[in-house]
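# Architecture and fold: a report
Each chain, letter by letter, is given below.
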Amino acid sequence: MANWCSNTVVFEGTPEAITAIQELFQSMKEKEEKTEEGQLPEFMEDTNGGYFFNIYWNEGDEGQFQYETKWSPNIEITQKIAEYYQVDFVQDYEEMGNLVYGRATYRDGILSDIFLGDDDFEAYEQDEETDLYHFEGEEYESDYEILETLLERKIVTL
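This report concerns the structure included in the present document. (Residues numbered from 1 in each chain as written. Predicted model: local features only at pLDDT ≥ 70, side-chain atom pairs only at ≥ 80, totals over all residues. Heavy atoms only, no water.)

The full count for this structure, using the stated rule, is 7 salt bridges. For the salt bridge of E33 with K29, the shortest nitrogen-to-oxygen distance reads 3.5 Å. In this pair, E33 and K29 are both assigned in helix α1 (residues 15-35), 4 residues apart and thus about one turn of the helix distant. Residue classification places K29 among the partly exposed positions, given a relative accessible area of 22%. (Salt bridge = Lys/Arg side-chain N within 4 Å of Asp/Glu carboxyl O. Helix = DSSP H or I, 4+ residues; strand = E, 2+ residues; numbered from the N terminus. Buried < 20%, exposed > 50% of the residue type's maximum accessible area, 1.4 Å probe, protein only.)

In this section: the packing of aromatic side chains. Aromatic ring pairs: the centre-centre distance and the angle between the two ring planes describe each pair. Applying the stated criterion across every chain yields a total of 15 aromatic pairs. Centroid distance F25 to Y67: 6.4 Å. Interplanar angle 45°. Geometry classified as tilted. Here F25 is found in helix α1, whereas its partner Y67 is found in strand β3 (residues 64-70), with 42 residues between them in sequence. Pair check on accessibility: F25 and Y67 agree, each one buried. Ring geometry for Y84 against Y85: centres 4.9 Å apart, planes inclined by 75°, an arrangement best described as edge-to-face. Classification of Y85 as buried rests on a relative accessible area of 18%. Taken together through their ring pairs, the aromatic side chains of F11, F25, F52, W57, F65, Y67, F89 and Y106 make up a single cluster. (Phe/Tyr/Trp six-rings, centres within 6.5 Å; stacked < 30°, edge-to-face > 60°.)

All of the buried residues in helix α2 (residues 75-85) are I75, I77, T78, Q79, I81, A82 and Y85. Residues of α2 that are buried in the fold lie against β1 (4-12), α1, β3, β4 (88-95), β5 (100-107) and β6 (110-115). Once α2 finishes, Q86 follows within two positions and takes phi at roughly 55°, a positive value. (Contact = heavy atoms within 4.5 Å.)

Quick look at the side chain of E32 now. Mapping E32 onto the fold places it in helix α1. Looking at E32, its side chain comes within polar contact range of the main-chain nitrogen of N54, at 2.8 Å. Other than its neighbours up to four places away in sequence, E32 contacts E37, Q39, F52, F53, N54 and I55. (Polar contact = N/O pair within 3.5 Å; in protein donor to acceptor, adjacent residues only side chain to side chain.)

What follows deals with the sheet that holds strand β9 (residues 138-140). Spatially, β7-β8-β9 is the arrangement adopted by the 3 strands of the open sheet, whose pairing is antiparallel. Two strands lie at the open edges of the sheet, namely β7 (125-127) and β9, each paired on one side alone. Adjacent strand axes in the sheet meet at a mean angle of 35° when their direction is disregarded. Summarising the sheet, strand β8 (residues 132-135) and β9 pair through 3 bridges and their orientation is antiparallel. Bridged to H134 within β9 is E139. Its contacts with the sheet put helix α4 (residues 144-157) on β8 and β9, and the angle it makes with β8 is roughly 30°. (Pairing = 2+ DSSP bridges. Axes fitted to C-alpha atoms, helices over the stretch in contact; angles between N-to-C directions.)

Structure representation (structure tokens):
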């Protein structure tokens, strides 16, 4: 059984391109619901993964989608969608079972993928008795704020 990687992607481009991407994701969602299988865009060859599962979006969020992938993010597939529709994107992803947490950005044809490494995950600890996380002298109820802080620091320094 695969671990599920949660992905949120926001596409940025012309209104026409965003509408076309919205239709693409709607089509993939409908096909997944019928087949109960992960999906790829029809214009893409079925290679070695990167399938979209459990696609959803909030009403009114044009060009922003949430979905799951097996084990890791499908950045290459998202980039191919962006190239096909000539748009940019920001993709946030996480799969905490394997310590995967990062952000991919595609702007003007350039892809960057910034993610946390083992040393980042070792920068904080959880107190099993209190269920609180300790980071830089502070206590947190969740590690997500810590992870976001660590990721933002990496993004700013690049």
